[in-house]
Amino acid sequence: MIKLIYFEFNFWRIDISKLSLSYSEIPYKLEKLPRNEFFKKKKSGFFPFGQLPVMIIDKKMYGQTLAIAKFCASKSGLYGKNDKESLVIDQVLNWANDINTIIAPSIREKNREKQLKLRKNFVDNHLMIWFNFLEKLFLKTSKNKKFFTDRFSLADITAWRVIHWFISGKLELIDPKFIMSFKNLQKFYTGIYNKKSFNKLKEFEEIISN
Ligand SMILES: N[C@@H](CCC(=O)N[C@@H](CS)C(=O)NCC(=O)O)C(=O)O
């Protein structure tokens with residue numbers, strides 16, 4: 001049995017693994033750690049990289065979002081079926097990690113004024129550039145213009161989940177309408193959103209309902 005550990009909220013770093021496993025009906029357990037428990041455990045060196053998510057299999061703990069997601073997607077038949085497909089999927093995963101790293105300082109900053117300044121800098125200098133990278137990748141790799149690799153994969157789950165985050169309206173100063181500048185991504189997002197085998201999952205429902 002695969003066990004995943006994350007905080008008590010939904011976030012792409014854990015959701016992409018949950019969605020992959022659930023899509024292929026692979027059972028898993030999810031432990032939602034309250035923050036204070038996380039920090040206690042972190043202090044004692046419990047986590048391999050001091051952060052979440054982590055995954056436990058056969059009593060061994062593994063860290064790093066992308067490593068965990070690839071493992072779960074592999075088990076679910078949603079990782080590349082050849083090296084070239086995996087290259088496309090890895091690029092989307094790393095895109096997600098990169099854009100997360102760039103926006104992260106404006107999420108972590110506690111000082112309100114500094115926080116807004118950091119977010120404005122992200123919106124002015126990074127948002128459009130990074131979504132343009134993703135759209136260009138999609139146009140280059142997708143023939144059917146439905147999926148990144150022409151078959152549903154971890155790339156689609158990840159791109160969908162991160163786009164969903166950026167257009168959620170929950171990120172201050174990010175107007176969800178920005179996605180209208182990326183017609184192909186917008187269409188891709190809607191296509192995945194309406195994919196019955198995907199949107200019937202309880203994990204999907206949980207993500208869109210909060
Ligand atoms: N490189 C790590 C980054 C994970 C990460 O940033 N985790 C955050 C939550 S999204 C975390 O654990 N923050 C608490 C901390 O760093 O103390 C990965 O890819 O999994």
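Quantities reported herein were computed from a predicted structural model and do not represent experimental measurements.

Reading the values: rules and limits
Residues numbered from 1 in each chain as written. Predicted model: local features only at pLDDT ≥ 70, side-chain atom pairs only at ≥ 80, totals over all residues. Pairing = 2+ DSSP bridges. Helix = DSSP H or I, 4+ residues; strand = E, 2+ residues; numbered from the N terminus. Axes fitted to C-alpha atoms, helices over the stretch in contact; angles between N-to-C directions. Parallel < 35°, antiparallel > 145°, perpendicular 65-115°, else oblique. Left-handed = near helix turned anticlockwise from the far one by under 90°. Contact = placed C-beta atoms within 7 Å. Domains from an automatic or database assignment. Nonpolar A, V, L, I, M, F, W, Y, C, P; charged D, E, K, R; others polar.

Asks: Honestly, the sheet that holds strand E4 (residues 60–63) in this entry has me stumped. Any pointers?
Replies: As a general point, the strands of a sheet are linked pairwise by backbone hydrogen bonds and lie either parallel or antiparallel. The 4 strands lie next to each other as E2-E1-E3-E4, forming an open sheet whose pairing is mixed. Every interior strand has two partners, whereas the edge strands, strand E2 (28–32) and E4, have only one. Ignoring which end each strand starts from, the neighbouring axes of this sheet average 25° apart. Both strand E1 (residues 2–6) and E2 contribute to a ladder of 5 bridges, which runs parallel.

Asks: What am I meant to see in the packing of helix H4 (residues 83–108) against helix H6 (residues 154–166) here?
Replies: When two helices pack together, their arrangement is given by the angle between the helix axes and by the axis-to-axis distance. Where H4 contacts H6, the axes come no closer than 8 Å and their chain directions differ by 20°. Relative to H6, the element H4 lies roughly parallel. In this structure, H4 crosses over H6, and the sense of that crossing is left-handed. Of the residues in H6, those in contact with Val88, Ile89, Val92, Leu93, Ala96 and Ile99 of H4 are Leu154, Ala155, Thr158, Ala159 and Val162.

Asks: Would you take a moment to explain the domain arrangement of the protein chain for this structure?
Replies: Interfaces are often sized by the accessible area lost when the parts come together. Here the protein chain is described as being made up of domain 1 (2–75) and domain 2 (83–199). Measuring from the centre of the C-alpha atoms in domain 1 to the corresponding centre in domain 2 gives 21 Å. Listed per partner, the contact involves 10 residues of domain 1 and 10 residues of domain 2. At the level of secondary structure, the elements contributing two or more residues to the side of domain 1 that touches domain 2 comprise helix H1 (12–23) and helix H3 (65–75). For the side of domain 1 that touches domain 2, a count of residues per class yields 7 nonpolar, 2 polar and 1 charged.

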